[in-house]
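Analysis of the macromolecular model
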Amino acid sequence: AQTVTQSQPEMSVQEAETVTLSCTYDTSESDYYLFWYKQPPSRQMILVIRQEAYKQQNATENRFSVNFQKAAKSFSLKISDSQLGDAAMYFCAYGNKLVFGAGTILRVKS
Amino acid sequence: DAGVTQSPTHLIKTRGQQVTLRCSPISGHKSVSWYQQVLGQGPQFIFQYYEKEERGRGNFPDRFSARQFPNYSSELNVNALLLGDSALYLCASSLIPEIALNTEAFFGQGTRLTVV
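Cut-offs applied
Residues numbered from 1 in each chain as written. Chains lettered and ligands numbered in written order. Predicted model: local features only at pLDDT ≥ 70, side-chain atom pairs only at ≥ 80, totals over all residues. Heavy atoms only, no water. Pairing = 2+ DSSP bridges. Helix = DSSP H or I, 4+ residues; strand = E, 2+ residues; numbered from the N terminus. Axes fitted to C-alpha atoms, helices over the stretch in contact; angles between N-to-C directions. Phe/Tyr/Trp six-rings, centres within 6.5 Å; stacked < 30°, edge-to-face > 60°. Buried < 20%, exposed > 50% of the residue type's maximum accessible area, 1.4 Å probe, protein only. Disulfide = S-S within 2.5 Å.

**Regarding the sheet that holds strand β8 (residues 74-78) of chain B**
Residue and element names in this part refer to chain B. Taken together, the 4 strands give an open sheet; going across it, the order is β1-β3-β8-β7, and neighbouring strands pair in antiparallel fashion. Strands at the two margins of the open sheet, each flanked by one partner only, are β1 (5-7) and β7 (64-68). Ignoring strand direction, the axes of neighbouring strands in this sheet form an average angle of 15 degrees. Across 3 bridges, the pairing between β1 and strand β3 (residues 19-24) is antiparallel. Considered in β3, the bridge of T5 is made with S24.

**A few points about the packing of aromatic side chains**
The tally for this structure, following the rule as stated, stands at 16 aromatic pairs over all chains. Each ring, one from B:F47 and one from B:Y49, has its centre 6.2 Å from the other, and the planes form 55 degrees; the classification is tilted. Each member of the pair, B:F47 together with B:Y49, is buried. Among the aromatic residues, ring-to-ring pairing joins A:Y33, A:F35, A:Y37, A:F91, A:F100, B:Y35, B:F45 and B:F107 into one connected group.

**What about the state of the cysteines?**
Summed over all chains, the structure comprises 2 disulfides over all chains. Paired by a disulfide, A:C23 and A:C92 hold their sulfur atoms 2.0 Å apart. Sign of the S-S torsion, about -70 degrees for the bond between A:C23 and A:C92, identifies this disulfide as left-handed. Within this pair, whereas A:C23 is found in the loop between β3 (19-21) and β4 (24-26), its partner A:C92 is found in strand β10 (residues 88-94), the two being separated by 69 residues in sequence. On the basis of relative accessible area, A:C23 is assigned to the buried category, the value being 2%. Sulfur-sulfur distance for the disulfide between B:C23 and B:C91 comes to 1.8 Å.

This is a description of form; function is not addressed.
This is the structure:
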């Protein structure tokens, strides 16, 4: 069975600084998708960024980018120029059925 | 366009009761998935439906059941409620079950179920 591990329960970042959230996963599949979702206090999950395993190039969406290391089964999220609106719970997820990690609370300090 | 809508937003039930949660997908989306998110944890996959057929089931007891209607809306039923069933129940819709390059799962705001 696939598993997703987020080892950082909570992270803090100063506004305008950069923060990296960690995620590791376990799978025996060779082709799959990985995702980062954001869940603000409104509870609605919002897709931040996705990565296809067969693509070696790391995905980028504006201030959000990933560092995908397939051999190490690592999928970290980097948020550049952090904004107050980035404060939320962030979940790493795997596959079509979306296996989620336990989440990382991101706090942004002004 | 309306997003994924779930009803009710909150409800309180007593142990042993039964509950039905409802989800309306985005127009045109034929796949609906259900997740349970216990406080402080990540969501856990419960069911996935596509074209009214069950396409996947997570590791949940038979007290949990679901169905999808011809208009692609879905219901999640939980029988014989336990205190441990207290959670946020999330519904997600997508065009197809396989979240490929041009497909994304969109989530509703969830139903907060409290079992007392």
